[in-house]
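# Fold and contact review
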Amino acid sequence: MVNICCIGAGYVGGPSCAVIAYQCHDIKVTIVDLNQARIDAWNSDELPIYEPGLDEIVFARRGKNLFFSTDVDQAIIDADLIFVSVNTPTKKSGMGAGMAADLAYIETATRRIAQVATSSKVVIEKSTVPCRTAQSMRTILEANSSKDIRFDILSNPEFLAEGTAISDLTKPDRVLIGCLQTPEGFAAQQKLVDVYTRWIPKEKVITMNLWSSELSKLAANALLAQRISSINALSAICEATGADVDEVAYACGTDSRIGPKFLKASVGFGGSCFQKDILNLVYLSEQLYLPEVAAYWKSVVTMNEYQKMRFTHRIVRTLFNTVTHKRIALLGFAFKKDTGDTRESAAITLCSYLIQERANVAIYDPKVSAKQMKMDLTEPGVGTNEAEVEKHVQVCSSAYEACAGADALVIVTEWDEFKMHHLDYQKIYDSMQKPAFIFDGRLILDGPKLKEIGFKVETIGKSI
Ligand code: NAI
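It should be emphasised that the depicted structure is a prediction, and the values quoted were computed from it without experimental measurement.

## Focus: the sheet that holds strand 7 (residues 175–179)
If you walk across this open sheet you meet the eight strands as 3-2-1-4-5-6-7-8, and the pairing is mixed. With one partner strand each, in any of the chains shown, strand 3 (66–69) and strand 8 (205–209) form the two edges of the open sheet. For this sheet, the mean inter-axis angle between neighbouring strands, taken without regard to orientation, is 25°. Strand direction decides the pairing type here: strand 4 (residues 81–84) and strand 5 (residues 121–125), joined by four bridges, are parallel.

## Some details on the site of the ligand
Residues in contact with the ligand amount to 25 residues; listed here are only the nearest, Asp33, Arg38, Thr88, Glu162 and Lys276. One nitrogen or oxygen atom from the side chain of lysine 276 is found 2.5 Å from an oxygen atom belonging to the ligand. Look at the ligand: alone it shows 840 Å² of surface, and the protein chains cover 92% of it. Class assignment of the residues belonging to the shell around the ligand gives a composition of nine nonpolar, nine polar and seven charged.

## A word on the environment of aspartate 26
By the element assignment, aspartate 26 lies in the loop between helix 1 (13–23) and strand 2 (27–32). With a relative accessible area of 42%, aspartate 26 lands in the partly exposed category. In the structure, aspartate 26 is positioned 38 residues away from lysine 64 in sequence and 9.8 Å away in space, judged by C-alpha atoms. Those residues in contact with aspartate 26, other than ones at most four positions away along the chain, are Met1, Val2 and Arg198. Within the local environment of aspartate 26, its side chain forms a polar contact with the side chain of arginine 198, the two groups lying 3.1 Å apart.

## Comments concerning the packing of helix 11 (residues 274–287) against helix 12 (residues 291–318)
Axis angle and axis distance: for two packed helices, these are the angle between their axes and the distance between the axes, and together they describe the pair. In the contact formed by helix 11 and helix 12, the axes pass within 8 Å of each other and the chain directions differ by 155°. Judged by the angle between their axes, helix 11 and helix 12 are roughly antiparallel. The two elements helix 11 and helix 12 cross, and the hand of that crossing is left-handed. Residue-level contacts link Gln275, Ile278, Leu279, Leu281, Val282, Ser285 and Glu286 of helix 11 to Val293, Ala294, Trp297, Lys298, Val300, Val301 and Glu305 of helix 12. By residue class, the composition of the contact of helix 11 with helix 12 is nine nonpolar, two polar and three charged.

## Here we look at helix 8 (residues 183–196)
Structurally, the α-helix is built with 3.6 residues per turn, so residues lying three or four positions apart point the same way. With 14 residues, helix 8 extends 20 Å between its outermost C-alpha atoms, agreeing within 8% with the 20 Å of an ideal straight helix rising 1.5 Å per residue. Of all the positions in helix 8, only Gly185, Ala188, Gln189, Leu192, Val193, Val195 and Tyr196 are classed as buried. The buried residues of helix 8 all sit within an arc of 155° when viewed along its axis, so they share a single face.

## Overview of helix 11
For helix 11, spanning 14 residues, the distance from its first C-alpha to its last is 20 Å, which sits close to the expected 20 Å at 1.5 Å a residue. Immediately downstream of helix 11, the backbone of tyrosine 289 shows phi near 60°, a positive value.

## What about the sheet that holds strand 13 (residues 437–440)?
Read across the sheet, six strands follow the order 11-10-9-12-13-14 without closing on themselves; strand pairing throughout is parallel. Each edge of the sheet is formed by a strand with only one pairing partner; in this case those strands are strand 11 (393–395) and strand 14 (456–459). Sheet twist, expressed as the mean angle between neighbouring strand axes with direction ignored, is 20°. Note: strand 13 against strand 14, four bridges, orientation parallel. Across the sheet, the residue bridging to isoleucine 438 is valine 457, located in strand 14.

## A short note on the environment of proline 89
The residue proline 89 is located in the loop between strand 4 and helix 5 (104–116) in this model. In this structure, the C-alpha to C-alpha distance between proline 89 and leucine 223, residues 134 residues apart in sequence, is 20 Å. Discounting chain neighbours no more than four positions away, the residues touching proline 89 are Ala100, Ala101, Asp102, Tyr105 and Lys276.

## Re the nonpolar core
Nonpolar side chains in soluble globular proteins generally cluster together in the buried interior. Leu330, Leu331, Tyr425 and Phe455 are the most contacted members of the largest nonpolar core, which has 64 residues in total. Here this core gets eight residues from one element, more than from any other, and that element is helix 13 (residues 346–356). If we skip the residues at most four places from it in the chain, leucine 331 touches Tyr364, Ala399, Ala402, Cys403, Leu409, Val410, Ile411, Val412, Thr413, Phe418 and Leu423. Ile4, Val122, Ala165 and Trp199 belong to the second-largest nonpolar core, a separate cluster that totals 42 residues.

## What about the side chain of aspartate 341?
One can find aspartate 341 in the loop between strand 9 (327–331) and helix 13. What aspartate 341 contacts, discounting residues up to four positions off in sequence, is Tyr11, Glu162, Ala334 and Phe335.

## Quick look at the pattern of salt bridges
Side chains that carry opposite charge are capable of pairing whenever their charged atoms lie near each other. For the structure on display, the rule yields 22 salt bridges. Close ionic contact of glutamate 305 with lysine 308 constitutes a salt bridge, the shortest N to O distance being 3.1 Å. You can see glutamate 305 and its partner lysine 308 sitting in helix 12, three residues apart, about one turn around the helix. Across the pair lysine 337 and aspartate 416 runs a salt bridge, and its minimum N-O distance is 3.1 Å. With a gap of 79 residues between them, lysine 337 in the loop between strand 9 and helix 13 and aspartate 416 in the loop between strand 12 (408–411) and helix 17 (425–431) connect regions that are remote in the sequence. Judged by relative accessible area, which is 25%, lysine 337 ranks as partly exposed.

## A look at the packing of aromatic side chains
Each aromatic ring pair is summarised here by two numbers: the centre-to-centre distance and the angle between the ring planes. One pass over the structure, following the stated rule, counts 10 aromatic pairs. Between tyrosine 296 and tryptophan 297, the aromatic rings sit 5.0 Å apart at their centres with planes inclined by 75°, giving edge-to-face as the arrangement. The class of tyrosine 296 is partly exposed, set by a relative accessible area of 44%. Centroid distance phenylalanine 320 to phenylalanine 437: 5.9 Å. Interplanar angle 75°. Geometry classified as edge-to-face. Taken together, the residues span a long stretch of sequence, with phenylalanine 320 in the loop between helix 12 and strand 9 and phenylalanine 437 in strand 13 at a distance of 117 residues. A relative accessible area of 56% places phenylalanine 320 in the exposed class. Three or more aromatic residues joined by ring pairs make a cluster, and in this case those are Phe262, Phe269 and Phe274. When the ring centre of phenylalanine 67 is taken as reference, the NZ or CZ atom of lysine 28 above it lies at 5.5 Å.

## A word on a negative patch on the surface
The grouping of Asp45, Glu46, Asp55 and Glu56 at the surface amounts to a negative patch. Among the residues examined, glutamate 46 registers a relative accessible area of 66% and is labelled exposed.

Criteria and cut-off values
Residues numbered from 1 in each chain as written. Predicted model: local features only at pLDDT ≥ 70, side-chain atom pairs only at ≥ 80, totals over all residues. Heavy atoms only, no water. Pairing = 2+ DSSP bridges. Helix = DSSP H or I, 4+ residues; strand = E, 2+ residues; numbered from the N terminus. Axes fitted to C-alpha atoms, helices over the stretch in contact; angles between N-to-C directions. Near = heavy atom within 4 Å. Polar contact = N/O pair within 3.5 Å; in protein donor to acceptor, adjacent residues only side chain to side chain. Areas by Shrake-Rupley, 256 points an atom, 1.4 Å probe, with all protein chains shown as cover. Nonpolar A, V, L, I, M, F, W, Y, C, P; charged D, E, K, R; others polar. Buried < 20%, exposed > 50% of the residue type's maximum accessible area, 1.4 Å probe, protein only. Contact = heavy atoms within 4.5 Å. Parallel < 35°, antiparallel > 145°, perpendicular 65-115°, else oblique. Left-handed = near helix turned anticlockwise from the far one by under 90°. Expected span 1.5 Å × (residues − 1). Arc of directions from axis to C-beta. Core = buried A, V, L, I, M, F, W, Y, C linked by side-chain atoms within 4.5 Å. Salt bridge = Lys/Arg side-chain N within 4 Å of Asp/Glu carboxyl O. Phe/Tyr/Trp six-rings, centres within 6.5 Å; stacked < 30°, edge-to-face > 60°. Lys NZ or Arg CZ within 6 Å of the ring centre and 35° of its normal. Patch = residues over 30% accessible without salt bridge, like charges linked within 9 Å, V, L, I, M, F, W, Y side chains within 5 Å. Lys, Arg positive; Asp, Glu negative; His and termini not counted. Charge placed at Lys NZ, Arg CZ, Asp CG, Glu CD.

Below, the structure written as structure tokens:
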């Protein structure tokens, strides 16, 4: 039996290794984490992350060939292949603060492997890391190898998107595996290719050198985010000219060279990856003395910040330049639909801005807990403190509850349950203050129909 260990039971480690266990019943997969509460949740009926289809996969294999544990050392000792899937957040202090990736978790995990391993291992970098991180991992591991133990490093970045993780993992566009271009490197690479090709067609498993693989992950996220910032920049022009951003996106997206995906204007992108990975690329470019390249990618993040501010200013302006004491219903808090993840969600910026303007914010999200929302809003740097949040934020258990008595309703996350055929917008209108405003930050509503009901409608990328 092949033994796989995954260090880090988060949004990536959990689903990606659960899918390996699901697809390969003869492989023993142990997912470990230092966080006891997270592991307890993985071992319970209520998994720590919400992801469509994840429960079925975990419940089908848990206790058979899929295990969750805090015994990191034992899992390392037993494993042939070790995925390192720990968090790599943006550094908060010191050199490269606000830009560079914090590699402390990667280093701790790597040192642990070096310290406790009693046999040779293939160590797989799954976390998103700056180019040449594998080199540092190799140095640490090699300093601890002996003639009986060798460590081979692979880069296998993860391309899953939260909300569609299980289908992305089951039928990926591609799997990338980078290795050192040596006979030992190729042999290690083959071991991982053999795992993935159990359920993924061979031609979709792409092999390359370590550094190309590391950079490809940053590049892919930068290119995706760049498309969003591009369409968001165009949405500002649409609002000023009377063009309709949906029509512009459609006209451009039907060009086969451009394609339709990631051309949806919105209140701004969020999530733990886009901003962090682009800043990482910016930092890398600066370190390589490529200031023009750094400035180019930085503008993608700048545009995203601008879009969030632009949308909040539009809310305040439309509500007669003041939201003080007005009730604003925010529908959605997660950074996108079908996930409970709120990291870097545009909702946080929006909410804190409205609180600073002394609005009363009523939030409803189907998957985000009140505790999480309050934690996000009181994080250092967000701009709102606990007392303000207590005073100005009400977390509601339905969209109807949030909207009752509100002056405005804002669509922040594109959850399906907020769409026209799921919510009774007439009922919502009847329960709101008049004039009743709707701000559609996700282009999911039917503006003309809402106007017929009586709403004043403001949509991103549309002037009417
Ligand atoms: P996460 O924060 O959800 O999970 C990371 C886990 O690693 C945490 O539970 C933490 O306790 C654990 N951990 C940290 N150091 C550890 C150690 N030394 N030993 C054991 N456990 C340790 O992070 P997430 O979202 O899973 O991301 C992981 C990596 O994957 C990041 O580099 C991220 O950029 C990348 N990624 C994330 C995607 C996403 O959609 N969230 C998609 C693709 C890549």
